[in-house]
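Residues per chain are reported as follows:
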Amino acid sequence: MSSAADQRETILQIATRMFAALGYDGTSLQQIAEAAGFDIATVTSLLGSKRDLYLAVMERAHEADRTAIEAVMARFTPLSPADAPKMIHALADDYLDFCMSNPNVPALWAHRSLFDAQDITDLERRYVWPLHARIHKSIQPALEAGHIDDAPDFRYVLWTMIWCVEGFCCGDVLDDEGNRLGPDDQQARIDFRRHLHLLLDRLLTPPQKTP
């Protein structure tokens, strides 16, 4: 007989995969219990209601996301204004690697962008906004010093990077013959990464001053 901790971990892993695949609204506690090999009573005794289970899954996803982002920012701390564009590129690289290695995480957030779990409204404010605010604060001196173009709204620069990465990792692109290529295709990964950095360069690089 496995321990309660092992059972809890099994249920969390199954719930993560099912919420990522079907969304919160499309997944029932019965489905999770059956997939994990337990009855509903065992699931609720270990992790509570479906809402409680979803919150535990999203907290775990956030912690993995936060750890990856903070590891990049730590490499650039203290951050000189001139190095801010390098940090943004590093964040893009590491976030892409993170999402490809943890595809359930972007899938969970993608469901929320489609208004899944509308009765649970504060996860973005609790988890996403503080990380965005921290990144924005760290690059503010670079914006003021002219190392980053201040014409684009940096909120949308950051969101553009996230939308692109999560869209690529949760979806696909078409090759010249119309074949679908996903993040498991090596050449598609190489091409997308090159495109992502080119896009960021165009958004971050200040325009050349005319003499």
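Cut-offs and rules
Residues numbered from 1 in each chain as written. Predicted model: local features only at pLDDT ≥ 70, side-chain atom pairs only at ≥ 80, totals over all residues. Heavy atoms only, no water. Helix = DSSP H or I, 4+ residues; strand = E, 2+ residues; numbered from the N terminus. Buried < 20%, exposed > 50% of the residue type's maximum accessible area, 1.4 Å probe, protein only. Contact = heavy atoms within 4.5 Å.

As recorded in an unreviewed UniProt entry, the protein chain goes by AcrR family transcriptional regulator and comes from Nonomuraea africana.

All right, on to unusual backbone geometry then. Residues Thr 77 and Pro 78 are joined by a peptide bond in cis, for which omega reads -5 degrees. Tracing the backbone through its elements, the reader meets Pro 78 in the loop between α4 (50-75) and α5 (84-101). The phi angle at Phe 115 is positive, at roughly 70 degrees, despite the residue not being glycine. Tracing the backbone shows Phe 115 in the loop between α6 (104-113) and α7 (123-145). Positive phi is not limited to glycine here, since Ala 117 has a value of about 55 degrees. Note that Ala 117 resides in the loop between α6 and α7.

Within the secondary structure, Leu 53 sits in helix α4. Here Leu 53 falls in the buried class, since its relative accessible area comes to 0%. Sequence separation of Leu 53 and Arg 112 is 59 residues, and the distance between their C-alpha atoms is 16 Å. Discounting residues that sit within four places of it in the chain, Leu 53 has contacts with Ile 11, Leu 12, Ala 15, Phe 19, Leu 29, Ile 32, Val 43 and Leu 47.

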